Every structure is written in C-alpha cells, then in structure tokens.
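# Understanding the architecture of this molecule
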Amino acid sequence: MMNQQGHPEPDSEPPPSPSSPRTPKKKVSSKLNRWSMGRALRSGAVKIDRPTHRTDNNNDAPSRQVTTNEEADRKTSAIDSDDVAGKSIYMLSDGTGWTAEHSVNAALGQFEDPLVNRGFPVNTHLFSWVEDEEKLLEIIKQAAKQKAMCFYTLANPSMSKSAKEACDQLGVLSVDILGPIIQGIASHLGVSPSGLTRGAAGRLKTLNDAYFKRIEAIEFTIKQDDGTLPENLGKADIILVGVSRTGKTPLSTYIAQKGYKVANVPFVMGVEPPKTLFEVEPRRVFGLKIQLVVLQAIRRTRAKTLGVDKVGENRYSGFDLVRKELDFASKIYAKNPGWAVIDVTNKAIEETAAVILRLYHDGSDSSTSVPCISKRF
C-alpha cells in the first residue's frame with residue numbers, strides 16, 4: 001500500500017475478531033501530543049474544558065467541546081452558560097466568518113503556553129451569516145450570560161453600531177475587527193464604503209475570473225498529487241519535493257486554494273525523480289526538509305494509526321531508514337542549487353505557504369527589494 005506521499009507504508013494488521021482480546025493503545029510522544037494540541041487550538045478545531053466539580057452520580061471525565069457553525073447558528077440558546085467551563089470567545093459575522101475566525105485563532109497562537117502546557121481552557125463559538133439585528137442581539141445576550149468576549153466582522157455600519165451598543169450596554173468586552181480597517185481604507189482612498197454584506201444584492205459577482213482560476217488550480221493540483229503525471233510538471237506554477245510525511249499534499253492543497261497550480265513529487269529511496277522535474281524553471285521548485293527526530297515521530301504516529309506491528313513500524317520509521325532518506329533528499333538538493341529549500345519542522349502549513357509564495361513572487365519580480373505578493377482588484 002502506498003501512502004499519499006508516494007512512500008510504501010507498512011502493511012496493516014487485520015482487525016481483531018470480537019472474541020479476541022483488545023490490544024491496548026500505545027502511548028504517543030507527549031511532545032508530539034502537545035504540538036498537535038497546539039495546532040488544534042490555533043485552528044479552533046478543539047476546545048479544552050476545565051474539569052467540572054459536581055457531586056452527582058455521573059462521574060464522567062471532562063470532554064473536549066467542539067461547536068460547529070451549523071449547531072451554533074441553528075440554536076444559540078443551546079449553549080448553556082452553566083455547562084461551559086473556562087473562558088468563551090464569540091465570533092460574529094454577516095458572512096462566512098473566515099476573517100473573524102482566522103484573526104482570533106492567530107491571536108490565540110500567542111497564548112500556547114497557558115492553553116496547552118497549563119490546560120487553561122478557551123471555548124470559541126462562530127456565528128456566521130448574522131444579517132438581522134434580532135439575531136445579533138440574541139447572540140450578544142447569550143455572550144453576556146457566559147461572560148464571553150465578542151469579536152465581530154459586520155460590513156453593515158448599522159449592524160456594527162448595534163453590536164457595539166449592545167455589548168457596551170450588557171458589559172460584554174468586544175472588538176470590531178473589520179470596522180477600523182474599512183475606515184482606514186476609506187480615508188486612504190477618499191471614498192465611502194458600500195456597507196453591503198457579502199450576500200447582499202448589488203455586490204459584484206463572486207463567480208469571476210479569479211474564482212474560476214482558483215477552481216482550475218485546485219483541480220490541477222489534485223491530479224498532480226504524489227508525483228502523478230510528471231509530464232505536466234512544466235504547467236505547474238509551484239512544485240514541491242521531499243520525502244514522505246513532510247506535508248507536501250496538504251501544503252499543495254492550501255496553496256492551490258489561492259489560485260496557484262501546484263504539483264508535488266515524492267523522493268523515494270531507489271527511485272529516480274522524473275526527468276521533467278529537472279527541466280522546469282528552478283525558481284518554481286521548492287524542496288521541503290525536516291528534522292530527523294520530528295519526521296521519525298510523525299511516521300511512528302502514522303504507523304500506530306494504521307495498527308501495524310513493530311517490524312512494520314521499524315520498516316517505515318526506523319532511525320537509520322529515515323536518516324538515509326533525508327540524506328538522499330539532501331544530495332538531490334545539493335545538485336540543484338537553484339531550488340529553494342525550506343525547513344518545515346514544527347511549522348504550520350500557513351507559515352510554510354507564506355514563505356513559498358514570498359520566494360516565488362520575489363523570484364518573478366525583481367522590481368522591489370522586499371518580497372511581496374501583489375494583487376489587483
């Protein structure tokens with residue numbers, strides 16, 4: 001069986017029969033657990049609840065609370081202040097909530113030590129498509145009950161004003177994320193903003209050339225995953241190379257969503273990379289490297305997830321094997337000095353993508369001494 005990065009993964013064991021005893025789960029590295037939890041907390045996917053001190057007969061262990069957009073949007077009142085432990089953060093938007101969510105998660109990344117190592121709980125709740133004042137006030141009232149903090153991105157000035165007034169009146173600490181930015185741009189351009197929400201009539205059509213370019217890039221990237229169709233490497237804007245489990249596939253998908261055609265090619269011991277890889281413009285090729293111990297930990301976790309035995313795990317994540325693969329990749333990088341090589345050790349996909357795009361645009365435009373990504377609206 002081949003994994004997504006083109007490296008043969010160890011064979012999985014057949015599932016145990018109902019009569020056979022269950023094999024206890026092996027413990028994963030605590031360091032890797034903390035790293036994974038930090039990523040989850042930054043992304044907002046996992047929220048940690050503080051243990052509740054109750055005297056009922058149900059001595060259940062505290063669980064991780066996850067609030068989906070659909071659940072939160074469908075029934076705000078379902079969030080009972082008595083059942084939520086720790087600090088709460090509400091994010092309100094008249095659109096998808098992408099801006100509010102990513103802004104808050106970026107800020108939460110500055111508090112990893114109290115969130116992860118000390119178990120300080122934070123619960124985030126995203127409310128999308130809040131387009132009427134009644135719904136807005138209902139959410140803010142619930143935030144007041146929970147003593148939550150509110151962040152909002154509301155394009156309509158009237159809605160934004162109502163949110164501010166309601167939060168002040170109910171004693172809810174609030175931050176208007178979008179307002180100051182809109183005001184600053186309006187002042188800089190010397191024009192007034194439309195005040196229209198994303199889905200309002202009169203907004204420019206979202207199905208424009210940029211949208212279809214992004215869809216085309218995503219489709220291309222999916223077809224080029226894992227070294228497939230090497231004859232098309234010349235059509236790619238960006239090519240990612242590296243050994244198995246350096247994050248080539250998720251990184252490719254993330255960059256593709258920004259409108260870039262991305263291909264990725266795995267480096268496998270004993271297999272020569274395709275000739276077309278060395279025929280493309282070097283500035284479009286980006287090599288990914290990672291520290292040995294981190295890669296080994298990632299592969300061990302992957303092997304345990306598949307339920308393989310110790311022999312299979314060593315074949316996939318053994319120290320000597322991982323070291324040889326990294327040396328193999330390093331030799332290829334050394335023979336191609338025109339490629340940019342990026343260390344992805346403990347870096348989020350967003351961080352690596354930002355570095356790649358800056359280098360990509362810096363190489364294609366020498367008009368500025370500072371790498372930047374330019375767009376025309």
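In what follows, the structure referred to is the one given above.
Residues numbered from 1 in each chain as written. Predicted model: local features only at pLDDT ≥ 70, side-chain atom pairs only at ≥ 80, totals over all residues. Heavy atoms only, no water.

## A few points about the nonpolar core
Rules: By nonpolar core we mean a set of buried residues, namely Ala, Val, Leu, Ile, Met, Phe, Trp, Tyr and Cys, connected to one another through side-chain atoms within 4.5 Å. The buried label goes to any residue with under 20% of its type's maximum accessible area, the exposed label to any with over 50%, and the partly exposed label to all in between, with areas taken from a 1.4 Å probe on protein chains only. Each helix is a run of DSSP H or I of at least 4 residues and each strand a run of E of at least 2, with the numbering of both proceeding from the N terminus. By definition in these notes, contact holds between two residues if any of their heavy atoms fall within 4.5 Å.
Ile238, Ile239, Val241, Ile255 and Phe267 are the most contacted members of the largest nonpolar core, which has 37 residues in total. The set of elements that each furnish at least two residues to this core consists of strand 5 (238-242), helix 9 (248-256), strand 6 (262-266), strand 7 (285-289), helix 10 (292-306), helix 12 (319-335) and helix 13 (349-364). Among the elements that take part in this core, helix 12 stands out by supplying 6 residues, more than any other. In this structure, Ile239 is in contact with Leu233, Ala263, Val265, Leu277, Val280, Arg284, Val285 and Phe286, ignoring residues within four places of it in sequence. By size, the runner-up hydrophobic cluster in this structure holds 17 residues, among which are Leu92, Ala143, Tyr152 and Cys167.

## Remarks on the environment of Lys289
Relative to the helices and strands, Lys289 is located in strand 7. The partly exposed category is assigned to Lys289, whose relative accessible area is 41%. Sequence-wise, Lys289 and Ala329 are 40 residues apart; in three dimensions their C-alpha atoms are separated by 8.2 Å. Not counting chain neighbours up to four residues away, the residues in contact with Lys289 comprise Val341, Ile342, Asp343, Val344 and Thr345.

## Brief notes about the pattern of salt bridges
Where side chains of opposite charge bring their charged atoms close, a pairing between them can arise. The line we're drawing: Throughout this description, the term salt bridge denotes a Lys or Arg side-chain nitrogen within 4 Å of a carboxyl oxygen of Asp or Glu.
A complete count under the given rule lists 7 salt bridges for this structure. Arg284 is the salt-bridge partner of Glu281, the closest N and O atoms lying 3.9 Å from each other. What makes Glu281 partly exposed here is its relative accessible area of 39%. Of the charged contacts in the structure, one is a salt bridge between Arg299 and Glu325, with a shortest N-O distance of 2.6 Å.

## Notes on the environment of Trp98
Within the secondary structure, Trp98 sits in helix 3 (residues 98-108). Here the alpha-carbon distance between Trp98 and Leu126, two residues 28 residues apart in the chain, equals 9.4 Å.

## Comments concerning the sheet that holds strand 3 (residues 149-153)
Here is the rule: Strands qualify as paired when DSSP identifies two bridges or more between them. For helices, the fitted line uses only the C-alpha atoms of the stretch in contact; every axis is such a line through C-alpha atoms, and the angle between N-to-C directions lies from 0 to 180 degrees.
The sheet built from 4 strands is open, its strands ordered 2-1-3-4 with parallel pairing. With partners counted over all chains shown, the strands left at the sheet margins are strand 2 (122-127) and strand 4 (174-176), one partner each. Sheet twist, expressed as the mean angle between neighbouring strand axes with direction ignored, is 15°. Where strand 3 meets strand 4, 3 bridges bridge the pair, whose relative direction is parallel.

## Observations concerning the packing of aromatic side chains
Think of a pair of aromatic rings as described by two things: how far the centres are apart, and how the planes are tilted against each other in angle. Quick note on the threshold: Paired rings are identified among Phe, Tyr and Trp, the last through its six-membered ring, by centres lying within 6.5 Å, and are further divided according to the angle between planes into stacked (under 30 degrees), edge-to-face (over 60) and tilted (the rest). The criterion is that NZ of a Lys, or CZ of an Arg, lies within 6 Å of the ring centre and within 35 degrees of the ring normal, and then a charge sits over that ring.
Applying the stated rule across the entire model yields 5 aromatic pairs. Centre to centre, the rings of Tyr90 and Phe127 are 5.1 Å apart; their planes meet at 45°, and the pair counts as tilted. Taken together, the positions of Tyr90 in strand 1 (residues 87-93) and Phe127 in strand 2 put the pair 37 residues apart, joining distant regions of the chain. Accessibility expressed as a relative area gives 0% for Phe127, which makes it buried. Both rings, one in Phe278 and one in Trp339, keep their centres 5.8 Å apart while their planes meet at 15°; by these two values the pair is stacked. Residue Phe278 is located in the loop between strand 6 and strand 7, and its partner Trp339 is located in the loop between helix 12 and strand 8 (340-343); the two are separated by 61 residues in the primary sequence. Against the face of Phe220 rests Lys261, its NZ or CZ located 5.7 Å from the ring centre. Here the guanidinium or amino end of Arg283 rests over the ring plane of Tyr360, the centre of that ring lying 4.9 Å away.

## Here we look at helix 3
The following threshold applies: Working note: the arc is built from the helix axis to C-beta atom directions.
For helix 3, the complete set of buried residues consists of Ala100, Val104, Asn105 and Leu108. For helix 3, the arc enclosing every buried residue in end-on projection is 120°, short of the 170-degree limit, so these residues lie on one face. Residues of helix 3 that are exposed and point more than 90 degrees away from the buried face comprise Trp98 and Ala106.

## Thoughts on the pairing of strand 6
Just so we agree on the cut-off: Viewed with both strands pointing away, a crossover whose connecting path from the first strand over the helix to the second turns clockwise is right-handed.
In terms of residue burial, strand 6 counts as a mostly covered element, since 5 of its 5 residues are buried. Alternating residues of strand 6 divide into Val262, Asn264 and Pro266 and Ala263 and Val265, and every residue in both groups is buried. Examined bridge by bridge, strand 5 and strand 6 share 5 bridges and lie parallel to one another. Following the sheet pairing, Ile238 is matched in strand 6 by Val262. Handedness of the β-α-β unit built from strand 5, helix 9 and strand 6 comes out right-handed.

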